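What follows is each chain in one-letter form.
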Amino acid sequence: MALTAVLRYVRFSIDVASSTRHPPRLSDKERVILELLSTEELYGLELVAASRGRLKRGTVYVTLGRMEQKGYVSARSEPSPEGAGGLPRRMYSATPYGIRVMNAWSTLLQHLSPEHAR
Amino acid sequence: MTAERIRRVLARICSEATLTRIVDPILADMRWERDRPSWLGYLALLKALAVHSTLSIPDALGRAWRDDEHAVPRIAGLVLASALVAAVALTALPLTFAPFSMKSVPLVRLVVLLLPQALVLTLPAALLLAVPVALRNRALTRTLARRTVAVSICCVAATLVVMLWMPEANQSYRVLASGNPSVPRGPNEWGFATLREQIDVLNLTSEDRMTPEARNMSRRLEYAYHVRVALISAPIYLGLLALGVTGSPAGRRRPVVAGVVALVLYLPWLFEISEATTASLERFPSVPPQVYAWTPMLVIAAVGLWLIARHPPADAQPPITEAR
């Protein structure tokens, strides 16, 4: 009986924690990616090259996958050129929602930064 | 060619989403890199998969917790509850015959000191009852079976902790029972390292010069050592048996009865085996003690795997789609 009560309480706590809505967050890497994708459609390695060392090849795809899940970026498979085999490249672009989050985040950071840094 | 082979291997391990979002883009982009060695691409793939797996742990744990109407926490909770109840019941017997000198010791303390040696038996055995009961009225899918094995592995860790605690708890109980703080430790009160050391000391004497008593002692200690290791890993074999029982027609019809029957058969069987082994160790000196220690566990695993093979877990139901 006591065990059932404990399990119910743990379940309730998890449900409450997962149902609480947080405003969208943006990490530094996600911001860099959105900045780069806001102007043009790029694939993973192009993003790494364009970031000038701010993005690493081993983590950019994981970050892109998570951003896709959050709805910040969208992806499409680029058709392979004639006669070329293998997997198609995955091209990424920022979604309108992603751009809104980036703009809101930039404004927030600007407002929260100390006076001398503005 | 290598990329295709790697993708084929990863397709067996990774989810569809991981393949689409991580593996495929990296392998596809590698084709456009002419000026860098391809091993750098594979290294990036490895790193990406490692980062992705680490970041996915909370999600995976959350899914395991929620899915199938909280089947996994139910198994874990039932294992804990039934193991504790059975362990307390097992400790009742020695407490009934506790010497008069211990009457002044608080009962809770005595139970706590006796619990470890009971828990090493009841914690793995509890899976036999918990799994069929927790999964009743539920289709046994491959995912659920994998998660049950994961719970069994957690039980292995818990049994290891209890097993490491057991010698000290036993010794404390003996000190209380005898009233002598310097009562010498017996084999059950030695830790793994001491037990191994004693076996090695006995085995230093060459086989032809060893007395029969020393040989028997060495074999008994070797048996005790391997039984402990086998008991630590027992949750895996008993978890397999529990899955087999759950998937069997009897387990599906009457899961509680099937679980209770499996549990009731297992514990006396284990005690019987232990008794028979003690006698056989001296009677058949050519049979290595390891065989005696591991055979019961291997028999349990074999029965479990046989039952699972007869009634294998089903694939998860595909989502309902519109009729064409």
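On a predicted model such as this, the values are computed, not experimentally measured, just so you know.

Asker: Would you take a moment to explain the packing of aromatic side chains for this structure?
Answerer: For any pair of aromatic rings, geometry is given as the distance between the ring centres together with the angle between the planes. Taken as a whole and assessed by the stated rule, the structure comprises two aromatic pairs over all chains. Aromatic side chains Tyr72 of chain A and Tyr97 of chain A sit 5.7 Å apart centroid to centroid with 45° between the ring planes, which places their arrangement in the tilted category. In this pair, Tyr72 of chain A sits in the loop between helix H4 (57-70) and strand S2 (73-77) while Tyr97 of chain A sits in helix H5 (residues 96-112), placing the two residues 25 residues apart along the sequence. Arranged with centres 5.6 Å apart and planes meeting at 90°, the rings of Phe192 of chain B and Tyr225 of chain B form a pair that is edge-to-face. Within this pair, whereas Phe192 of chain B is found in helix H6 (residues 192-203), its partner Tyr225 of chain B is found in helix H7 (residues 212-247), the two being separated by 33 residues in sequence. Considered together, Phe192 of chain B and Tyr225 of chain B belong to a single accessibility category, that of buried residues. The positively charged end of Arg89 of chain A is found above the aromatic ring belonging to Tyr43 of chain A, 4.0 Å away from the centroid. Over the ring of Tyr225 of chain B we find Arg196 of chain B, and its NZ or CZ is 4.8 Å from the ring centre.

Asker: I would appreciate a short explanation of the pattern of salt bridges in the present structure.
Answerer: Pairing between side chains of opposite charge can happen when the charged atoms of each approach one another. Residue and element names in this part refer to chain A. Considering all chains together, one arrives at 13 salt bridges over all chains under this definition. In this structure, Glu30 engages Lys70 in a salt bridge whose closest nitrogen and oxygen atoms are separated by 2.7 Å. Of this pair, Glu30 sits in helix H2 (residues 28-37) while Lys70 sits in helix H4, placing them 40 residues apart in sequence. Overall, Glu30 belongs to the buried group, its relative accessible area being 6%. In this structure, Arg31 engages Glu35 in a salt bridge whose closest nitrogen and oxygen atoms are separated by 3.9 Å.

Asker: I keep staring at the interface of chain A and chain B and nothing clicks. Help me out?
Answerer: Many analyses report the size of an interface as the accessible area lost when the parts associate. Of the residues lining the interface, 27 residues belong to chain A; the matching set on chain B comes to 30 residues. Both sides of the chain A and chain B interface together cover about 2,500 Å² of buried area, and 63% of this is carbon and sulfur. On the chain A side of the contact with chain B, Arg57, Tyr61 and Leu87 of chain A bury the most area, a combined 28% of that side's loss. Viewed at the interface, chain B and chain A are joined by one salt bridge. We note a salt bridge from Arg21 of chain B to Glu68 of chain A, for which the minimum N-O separation is 3.7 Å. Inspection of the region where chain A meets chain B yields five residue pairs in polar contact (both at pLDDT 80 or more).

Definitions and limits used
- Residues numbered from 1 in each chain as written.
- Chains lettered and ligands numbered in written order.
- Predicted model: local features only at pLDDT ≥ 70, side-chain atom pairs only at ≥ 80, totals over all residues.
- Heavy atoms only, no water.
- Phe/Tyr/Trp six-rings, centres within 6.5 Å; stacked < 30°, edge-to-face > 60°.
- Helix = DSSP H or I, 4+ residues; strand = E, 2+ residues; numbered from the N terminus.
- Buried < 20%, exposed > 50% of the residue type's maximum accessible area, 1.4 Å probe, protein only.
- Lys NZ or Arg CZ within 6 Å of the ring centre and 35° of its normal.
- Salt bridge = Lys/Arg side-chain N within 4 Å of Asp/Glu carboxyl O.
- Contact = heavy atoms within 4.5 Å.
- Buried area = accessible area lost by both parts, 1.4 Å probe.
- Polar contact = N/O pair within 3.5 Å; in protein donor to acceptor, adjacent residues only side chain to side chain.

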